[in-house]
Amino acid sequence: MSIAYNKNKAAVNDPSLQDNVVLTPPLRKMIIAVDGPAASGKGTLARKIAERLNYAYLDTGALYRAVALATLEMAGEPSRVESVMPAVDIIKRNLTTALLESPVLRKPEVSEAASKVAAIPEVRAALLDFQRDFAKNPPGDVGGAVLDGRDIGTVVCPNADVKFFVTANPEARAERRFKELLWTHPLITLERVLSDITQRDKRDSGREFAPTYPAGDAYLLDTTKLSANDVLDTAIWTLHKKFLAETGANI
Ligand code: DC
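Residues numbered from 1 in each chain as written. Predicted model: local features only at pLDDT ≥ 70, side-chain atom pairs only at ≥ 80, totals over all residues. Heavy atoms only, no water.

Asker: Can you explain the sheet that holds strand β5 (residues 219-222)? Please cite residues and give values.
Answerer: Pairing is parallel across the open sheet formed by five strands, whose spatial order is β2-β3-β1-β4-β5. Edge positions in the open sheet fall to β2 (56-59) and β5, since each of these has one partner strand only. Across this sheet, the average inter-strand angle for adjacent strands is 20 degrees, counted without regard to direction. Examined bridge by bridge, strand β1 (residues 30-35) and strand β3 (residues 144-149) share six bridges and lie parallel to one another. Each residue of the ladder has a partner; that of Ile32, found in β3, is Val146. Helix-sheet contacts for helix α12 (residues 228-247) involve β1, β4 (162-167) and β5, and the interaxial angle to β4 is about 160 degrees. (Pairing = 2+ DSSP bridges. Helix = DSSP H or I, 4+ residues; strand = E, 2+ residues; numbered from the N terminus. Axes fitted to C-alpha atoms, helices over the stretch in contact; angles between N-to-C directions. Contact = heavy atoms within 4.5 Å.)

Here you go:
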């Protein structure tokens, strides 16, 4: 089932729902998948859902970025499997939250390289177990896991309890990314960011293995004209309905 954002608009426009939705998550551990293209707002949404529900959060794009950074640091070629696999081994042995949250991973050259390493099937296969294990056994005393990426709902966790696919038009995404990057890259231009995003979209959606596309049972959220809070409200409304059906709990 795919529900386009417009069908959920009532949730955003209904002030009582925005402020008062009480989520009663099921007792078993839940898996929430949040997929979408670069700068669509999926990371912000996934993080906020995890905070709201006290779930563990994994930014799977950061795994590919960490592999890309390690490859570049070893003067490797990000499109060549022989260059990248040693970097995968290093990252798997040295994975820390600090590394996954490092601002260095957000550099444009790392983004570009990440999209190349992510197209290599051996790299994807080597990172699969870690992601699945995180989803099934999230760290800490939490009620579940939220993973964001490109193929969480289709490949990593096809049985996720709730799947969101977050999109926005390329211009809106480029503008968001441009504003973020200006802090660290004052010379960057909007044109360059748009061109990078378009190229990465092409590579991420056109690749042979685990290309970016919405799972058939994902809820589609178009964030082009929405604030981060509106997107969160819509997602929370969707989760509320899902949890209500599972637990029978009332609000
Ligand atoms: O979400 P992001 O921009 O941080 O992702 C970085 C790169 O990794 C991007 O080119 C897509 C790729 N990626 C992927 O192929 N599969 C994922 N689950 C997550 C990210």
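Asker: Break down empty space enclosed by the protein for me, citing the residues and quoting the values.
Answerer: Considering all chains together, one arrives at two cavities of 30 Å³ or more under this definition. As for the largest cavity, its lining consists of Arg106, Pro108, Ser111, Glu112, Arg177, Leu181, Ile188, Val193, Asp196, Ile197 and Arg200. Looking at the lining of the largest cavity element by element, the count peaks at four residues for helix α11 (residues 190-206). Among the residues forming the lining of the largest cavity, the class breakdown is five nonpolar, one polar and five charged. (1 Å grid on protein atoms, 1.4 Å probe; cavity = no way out; pocket = protein on both sides within 12 Å on 5 of 7 lines; lining within 4 Å. Points joined across faces, edges and corners; volume = space filled by probe spheres on them. Nonpolar A, V, L, I, M, F, W, Y, C, P; charged D, E, K, R; others polar.)

Asker: Which residues make up the packing of aromatic side chains, and what are the values?
Answerer: For the coordinates displayed, the defined rule picks out one aromatic pair. For the ring pair Phe164 and Tyr219, a centre distance of 6.0 Å and an interplane angle of 40 degrees mean the geometry is tilted. With Phe164 in strand β4 and Tyr219 in strand β5, this pair connects stretches of sequence that are 55 residues apart. Taking the relative accessible area as the measure of exposure, Tyr219 reaches 12% and is therefore buried. (Phe/Tyr/Trp six-rings, centres within 6.5 Å; stacked < 30°, edge-to-face > 60°. Buried < 20%, exposed > 50% of the residue type's maximum accessible area, 1.4 Å probe, protein only.)

Asker: How would you explain helix α4 (residues 60-73) if you had to name every residue and give the values?
Answerer: Between its terminal C-alpha atoms α4 stretches 20 Å, which fits the 20 Å expected from 14 residues at 1.5 Å a residue. In terms of burial, α4 is a largely internal element, 11 of the 14 residues being buried. Turning to α4, its buried residues number three or more, namely Thr60, Ala62, Leu63, Tyr64, Arg65, Ala66, Val67, Ala68, Leu69, Ala70 and Thr71. With a side-chain oxygen lying 3.1 Å from the backbone nitrogen of Gly61, the N-terminal cap of α4 falls on Asp59. Just downstream of α4 lies Ala75, where phi reads positive at about 60 degrees. (Expected span 1.5 Å × (residues − 1). Polar contact = N/O pair within 3.5 Å; in protein donor to acceptor, adjacent residues only side chain to side chain.)

Asker: Provide a residue-level description of the site of the ligand, including the pertinent values.
Answerer: Residues in contact with the ligand amount to 16 residues; listed here are only the nearest, Arg65, Arg124, Arg150, Asp151 and Arg207. A distance of 3.3 Å separates an oxygen atom of the ligand from a polar atom in the side chain of Arg200. Protein contacts shield 98% of the accessible area of the ligand, which totals 440 Å² for the unbound molecule. Of all elements in the fold, only α4, α7 (108-117) and α11 reach the threshold of two or more residues within the shell around the ligand. Tallying contributions element by element places α4 first for the shell around the ligand, with four residues. (Near = heavy atom within 4 Å. Areas by Shrake-Rupley, 256 points an atom, 1.4 Å probe, with all protein chains shown as cover.)

Asker: Account for the nonpolar core, naming residues and giving values.
Answerer: Ranked by size, the top nonpolar core spans 37 residues in total, and within it Val67, Val84, Val88, Val123, Leu127, Leu147 and Cys157 carry the most contacts. For this core, the secondary structure elements donating two or more residues are β1, β2, α4, α5 (81-93), α7, α8 (121-136), β3 and α9 (152-156). (Core = buried A, V, L, I, M, F, W, Y, C linked by side-chain atoms within 4.5 Å.)

Asker: Explain α11 to me, and be specific about the residues and the numbers.
Answerer: Relative to the 24 Å expected for 17 residues at 1.5 Å per residue, α11 spans 24 Å between its end C-alpha atoms, a close match to the ideal helical length. For α11, the complete set of buried residues consists of Val193, Asp196, Ile197, Arg200, Asp201 and Asp204. All buried residues of α11 lie within an arc of 135 degrees about the axis, which places them on one face of the element. For α11, the exposed residues lying more than 90 degrees away from the buried face are Glu191, Lys202 and Gly206. (Arc of directions from axis to C-beta.)

Asker: Requested: an account of unusual backbone geometry, with residues and values cited.
Answerer: Positive phi, normally seen in glycine, also occurs at Ala39, with a value near 60 degrees. The backbone phi angle of Asn54 is positive, close to 55 degrees, even though this residue is not glycine. What makes Asn54 partly exposed here is its relative accessible area of 46%.

Asker: An account of the pairing of β3 is requested, with residue identities and associated values reported.
Answerer: Buried residues dominate β3, accounting for six of its six residues. Here β3 shows a buried face lined by Gly144, Val146 and Asp148 and a second buried face lined by Ala145, Leu147 and Gly149. Sheet analysis places β2 next to β3, joined by four bridges and oriented parallel. Each residue of the ladder has a partner; that of Tyr57, found in β3, is Val146.

All quantities given are derived from atomic positions and should not be read as evidence of function.
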